[in-house]
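Secondary and tertiary structure notes
Here is what each chain is made of, one letter per residue.
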Amino acid sequence: MVADARPHVGRFAPSPTGPLHRGSLVAALASWLDARAAGGRWLLRIEDVDEPRCSREAADTILRQLDALGLHWDGEVVWQSRRTALYRAALDRLIANGAAYGCACTRRDLESQPLASDGARRYPGTCRDRSGVTPRAWRLRVPAGEVAFDDRVLGRIAVDVAADAGDFVLWRADGYCAYQLAVVVDDADQGVTHVVRGADLLTSTPRQILVQRALGLPQPDYAHVPLVLDAHGEKLSKQTRAPALEPSDALADLAEALTFLRHSPPADALAAGRDALLAWAVANWRPQRLAAK
Ligand code: GLU
């Protein structure tokens, strides 16, 4: 086997729709530990591409929270809202090579379609081979068959994206680049080799792999970590009003997140303070412990 010569580059990519909570800390910490344990870089990308749902205030809070947690990033923060030209160029390449097509369907046209795994409507391909449409949105021409990858936590994952989502949106009718395209362009542009994120994004990964293939971009390694659930079994989120992390609770929040990630810290690492706790966690990071969760 040939060792992977690429330097390890991880990233945390929060959407600034609210402050970090216990759930987002788990994703941030897992990706930070994974990068630091490999001696790699850890990048921070603020995913404010969906401008109407994001705020500068929430982004500033996230930066302050990460700082208080001791999760320091390498290099400059990347802001998706400043990278529209890059995304547009990628879309133009996909249009030029026939991988993307314009879609004139409205939400109304699709309301009788079944739901895909991400809650959006499955696209039946109405505009796929239509000519002369005035595009509202742009979609990826999704090939038939399964897309498979080996997740470092969950093992082999295979999804038939055509059956699940159909031709999904790359560029939205409201004029913003869709999450799936922006993430793929950014991960490649930033040289990300290892994506570690919450299992809620598992259904996005096969879609992102299809976009990578269509653009001829390398495929990072993926690890999807378990989600923190609330008392009702719902994912903690801004929508379910998960409380924001307080900078003064950083040590306790890190200890709780580590325990959730099956790395319960020993008392002496905990007693030695935040940076010692993080150093212990880096030295002891074994993501495969999450596999059975
Ligand atoms: N911005 C996405 C979120 O906050 C995460 C994207 C990713 O890690 O790929 O849910």
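Higher on the page you've got the structure.
Nothing here was measured: the structure is a model prediction, and the numbers come from that model.

1. Description of the packing of helix α7 (residues 250-260) against helix α9 (residues 274-284)
Contact pair α7 / α9: the axes reach a minimum separation of 10 Å and the direction vectors enclose 15 degrees. Taken as axis vectors, α7 and α9 run roughly parallel relative to one another. Of the two possible hands of crossing, α7 and α9 adopt the one that is left-handed. Touching Leu251, Leu254, Ala255 and Leu258 of α7 are Arg274, Leu277, Leu278 and Ala281, all from α9. When the residues that make up the contact of α7 with α9 are grouped by side-chain class, the tally is 7 nonpolar, no polar and 1 charged.

2. Points about the sheet that holds strand β8 (residues 169-171)
Remark on secondary structure: sheet strands pair via backbone hydrogen bonds, oriented parallel or antiparallel. With antiparallel pairing, the 3 strands of this open sheet are ordered in space as β4-β5-β8. The outermost strands of the open sheet, each flanked by one partner alone, are β4 (100-103) and β8. Going from strand to strand, the sheet's axes swing by 45 degrees on average, the running direction of each strand aside. Where strand β5 (residues 137-140) and β8 come together, 2 bridges link them in antiparallel fashion. The partner of arginine 139 across the bridge, within β8, is valine 169. Across the face of the sheet, helix α3 (residues 84-96) comes into contact with β4, β5 and β8 while running at roughly 125 degrees to β8.

3. A short note on the side chain of glutamine 208
Among the secondary structure elements, glutamine 208 is positioned in helix α6 (residues 204-215). Judged by its relative accessible area of 0%, glutamine 208 falls in the buried class. Here tyrosine 179 takes part through its side chain, which lies 3.2 Å from a polar atom of the side chain of glutamine 208. Setting aside its immediate chain neighbours within four residues, glutamine 208 contacts Tyr179, Gln180, Val183, Val184, Arg197 and Tyr222.

4. Details of the pattern of salt bridges
Summed over all chains, the structure comprises 22 salt bridges. For arginine 45, the salt bridge is made with glutamate 47, and the minimal N-O distance between the two is 3.0 Å. Look at arginine 45 and you get buried, because its relative accessible area is 0%. The partner of arginine 45 in a salt bridge is aspartate 187, with the nearest N and O atoms 2.9 Å apart. With arginine 45 in strand β2 (residues 41-46) and aspartate 187 in helix α5 (residues 179-189), the pair connects residues that are 142 residues apart, well separated along the chain. Like aspartate 187, arginine 45 is buried. The structure contains a network of salt bridges with shared partners spanning Arg11, Arg45, Glu47, Arg83, Asp186, Asp187 and Asp189.

Analysis parameters
- Residues numbered from 1 in each chain as written.
- Predicted model: local features only at pLDDT ≥ 70, side-chain atom pairs only at ≥ 80, totals over all residues.
- Heavy atoms only, no water.
- Axes fitted to C-alpha atoms, helices over the stretch in contact; angles between N-to-C directions.
- Helix = DSSP H or I, 4+ residues; strand = E, 2+ residues; numbered from the N terminus.
- Parallel < 35°, antiparallel > 145°, perpendicular 65-115°, else oblique.
- Left-handed = near helix turned anticlockwise from the far one by under 90°.
- Contact = heavy atoms within 4.5 Å.
- Nonpolar A, V, L, I, M, F, W, Y, C, P; charged D, E, K, R; others polar.
- Pairing = 2+ DSSP bridges.
- Buried < 20%, exposed > 50% of the residue type's maximum accessible area, 1.4 Å probe, protein only.
- Polar contact = N/O pair within 3.5 Å; in protein donor to acceptor, adjacent residues only side chain to side chain.
- Salt bridge = Lys/Arg side-chain N within 4 Å of Asp/Glu carboxyl O.

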